[in-house]
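Structural features, examined
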Amino acid sequence: MATLIQLLVEVVAPLGFVALVLLYFLLNPEKVEIWASILWRLLARFPVLVKKAKRRYVQYDLQGRINDFTKVVLTEAPYLEHRRVDVEWVNPGELRKPAFLADGRVILRLHATDNNDENFVRGSYLYISTCLLHKAKRYISKVQREAIDLYVTGKLLEKEKSHIVNYFLDEYLHPRTTKEDSKLVELFDAFGRLQMSGLFYEIFIQELQFLGEKVFGGRKDPVIHEEVGNLILFLDKIANRNIGEEVPLEFTGTYCRFSIVMVGKSFNLTTGGEVWTRFIETHVTPSQIETLYLIGNWQVHDVMDAISASVAATYEVMRTIKRQVQIFRDGDPMSVENYLLVLRRQGISVFGPSIQKR
Amino acid sequence: MAKQRDTIHAVYDEELESLLKSLGLFHDFTEGKLRCSICHDVITWDNLNAFYPDSGAVKVTCTRPECMAELATKVNGWAP
């Protein structure tokens, strides 16, 4: 680290502020796109440039902000495919109907407008609904898929253009709170609770990604709809438990098989976390659990790292997350800093169901 | 991890008429006969959302959220 700092001081500092800015933009191309959109919006005030500038503004605003959001998502969910988005204008003069039919692509209409919010909502929703977790979404139910798309698009808007979140919810979610779509709202609310409790939303998305890898290319199986529904209920129950409340922590479906191990009861706590290591070796390892999620307060992260080292022969660390989350004590919410270790069983196959169905 | 690229193909308002002509939809559009492939509402300048190919034909959707959700289902061949 010291060498790196020294290198930066010796090499970058003499080049000055401009070099640092260039380096920043080189590492963050989505920021370049957002700044370009702001620049084009300013240029649209000049009559001679107005047509071209508005067009560029619409293009870079959508492209840059989606890329900015996906970059943040990837820091939390690095197992998702890293995709960059480009917004490309089609040239109607060159487009022929047979080619359009053969390409199989969607062409989105974007408005020439000073208010780009509606464009942004439609573009974001199209992107999220067609690209995010596309392997798993082929197999889950329509309402599960739509709830995920609405929830993630809402999060994208919250981060990039928070003033339009209410518009989005009013237009896209609230009209669907009728009886037949009430399931969609239930799921949407459940995702909010999972995320507020922090690490359980991560677990949900992670399990969907594993599920997608397992089933992609195979036949559609209604069991998956039920299993994903059960997965959400299972995680929601844990996310909303009171401290000390006993709830099931093992999920053994046909496709998703994981165990959550909470580390933190102080009377059991030793530096090496032997109690938990023993529990994993005697209860988790002999079963067909594929993924082990170790969760605990950040204060005991050393213990959790020791536990993962102790079970390294069976489970490899896929990733770690440190996050401020909300937990409940006697029904009252409180904020704490938690730590999650995702451990995957060594040599586990991602193809085909985890267990044979009866 | 290698970065993959997705492309959102888009048409700008000013070129919408040209695109409708290129895809052979302009006549139906001006006659009020072009309909959303999902909810079957008449497509107008205000509610035209997207074009997509389906079963050898050019289809159009409107801006209703349900139709936009269904668009993803159709273009990805997901379970209904």
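Residues numbered from 1 in each chain as written. Chains lettered and ligands numbered in written order. Predicted model: local features only at pLDDT ≥ 70, side-chain atom pairs only at ≥ 80, totals over all residues.

A word on the overall build of chain A
In terms of regular secondary structure, chain A is built from 14 helices and seven strands. By residue count, 37% of the 358 residues in chain A fall in the buried class. (Helix = DSSP H or I, 4+ residues; strand = E, 2+ residues; numbered from the N terminus. Buried ≥ 20, exposed ≤ 12 C-beta atoms within 10 Å, placed from the backbone.)

Some points on the confidence of the model for chain A
Residues with a pLDDT of 70 or more make up 88% of chain A, whose mean pLDDT is 83. Ranking the elements of chain A by mean pLDDT puts helix α1 (residues 2-12) of chain A last, at 66, and helix α14 (residues 301-310) of chain A first, at 94. (pLDDT = per-residue confidence, 0-100.)

Let's talk about the interface of chain B and chain A
Listed as interface residues are 40 residues of chain B and, on the opposing side, 45 residues of chain A. Broken down by secondary-structure element, the contributors of at least two residues to the side of chain B that touches chain A are β1 (4-12), α1 (16-22), β2 (48-54) and α3 (65-76) of chain B. No other element matches the nine residues that β1(B) contributes to the side of chain B that touches chain A. Per-class residue counts for the side of chain B that touches chain A are 23 nonpolar, 11 polar and six charged. As paired elements, strand β2 (residues 107-110) of chain A and β2(B) share two bridges and run antiparallel to each other. (Contact = placed C-beta atoms within 7 Å. Nonpolar A, V, L, I, M, F, W, Y, C, P; charged D, E, K, R; others polar. Pairing = 2+ DSSP bridges.)

A short note on the sheet that holds strand β5 (residues 291-297) of chain A
Residue and element names in this part refer to chain A. Spatially, five strands are ordered β3-β4-β5-β7-β6 in an open sheet, and the strand pairing comes out mixed. Lying at the two open borders of the sheet, with one neighbouring strand each, are β3 (250-252) and β6 (315-329). For this sheet, the mean angle separating the axes of adjacent strands, direction not counted, is 15°. As judged from the 14 bridges shared by β6 and strand β7 (residues 332-345), these two strands associate in the antiparallel manner. Looking across to β7, one finds that V317 is bridged to L343. Sheet strands touched by α14: β4 (257-263), β5, β6 and β7. Its angle to β7, the strand with the most contacts, is close to 20°. (Axes fitted to C-alpha atoms, helices over the stretch in contact; angles between N-to-C directions.)

What about helix α10 (residues 182-196) of chain A?
Residue and element names in this part refer to chain A. Compared with the 21 Å implied by 1.5 Å per residue over 15 residues, the 21 Å span of α10 between its first and last C-alpha is a close match. Among the residues making up α10, those that are buried are L184, L187, A190, F191 and L194. Seen end-on, α10 carries its buried residues on one side only, within an arc spanning 125°. (Expected span 1.5 Å × (residues − 1). Arc of directions from axis to C-beta.)

A few points about the pairing of β5(A)
Residues and elements named next belong to chain A. For β5, a buried count of six out of seven residues is recorded, marking the element as mostly surrounded by other parts of the structure. Two strands pair when backbone bridges link them, and β4 and β5 are joined in this way by six bridges, in the parallel orientation. Following the sheet pairing, V263 is matched in β5 by G296. Note: β5 against β7, seven bridges, orientation antiparallel. Bridge pairing links T291 to R344 in β7.

Here's the deal with the nonpolar core
Residues and elements named next belong to chain A. In this structure, F200, F204, L235, L292, Y293 and L294 are the most contacted members of the largest nonpolar core, which totals 108 residues. No other element matches the 10 residues that helix α11 (residues 199-215) contributes to this core. Once residues lying within four places of it in the same chain are set aside, the contact partners of L294 are V261, V263, M304, I307, S308, L341 and L343. (Core = buried A, V, L, I, M, F, W, Y, C linked by C-beta atoms within 7 Å.)

Let's talk about the packing of α10(A) against α11(A)
Residues and elements named next belong to chain A. For the pair α10 and α11, interaxial distance at closest approach is 4 Å and the crossing angle is 120°. By the angle class used here, α10 and α11 are oblique. Touching F191, L194 and Q195 of α10 are F200, Y201 and F204, all from α11. (Parallel < 35°, antiparallel > 145°, perpendicular 65-115°, else oblique.)

What to know about the packing of α11(A) against helix α12 (residues 222-239) of chain A
Residue and element names in this part refer to chain A. Orientation of α11 relative to α12, taken along the N-to-C sense of each, is 160°, at an axis distance of 10 Å. One finds that α11 runs roughly antiparallel with respect to α12. In the packing of α11 onto α12, the handedness of the crossing is right-handed. Here F200, I203, F204, E207 and V215 of α11 lie close against α12, whose contacting residues are I224, L231, I232, L235, I238 and A239. Looking at the contact of α11 with α12 residue by residue, the classes come out as 10 nonpolar, no polar and one charged. (Left-handed = near helix turned anticlockwise from the far one by under 90°.)

Overview of the environment of W89(A)
When you line up the elements, W89(A) lands in strand β1 (residues 83-89). Spatially, the C-alpha atom of W89(A) lies 9.4 Å from that of L108(A), the residues being 19 residues apart in sequence. The residues touching W89(A), leaving out its near neighbours within four places in the chain, are A10(B), V11(B) and Y12(B).

Re α3(B)
The α-helix winds at 3.6 residues per turn, so residues separated by three or four positions along the chain end up facing the same way. Taking 1.5 Å of rise per residue, 12 residues should cover 16 Å, and α3(B) covers 17 Å from first to last C-alpha, within 8% of that figure. Among the residues of α3(B), C67(B), M68(B), A69(B), E70(B), L71(B) and A72(B) are the ones counted as buried. Buried-residue contacts for α3(B) involve α6 (117-131) and α8 (142-160) of chain A together with β2 and β3 (57-62) of chain B.

Looking at unusual backbone geometry
All names here are of chain B. Its identity as a non-glycine residue notwithstanding, H40 has a phi of 70°, on the positive side. Residue placement: H40 occurs in the loop between α2 (26-30) and β2. In this structure, S55 takes a positive phi of about 50° despite not being glycine. Of note, S55 is situated in the loop between β2 and β3.

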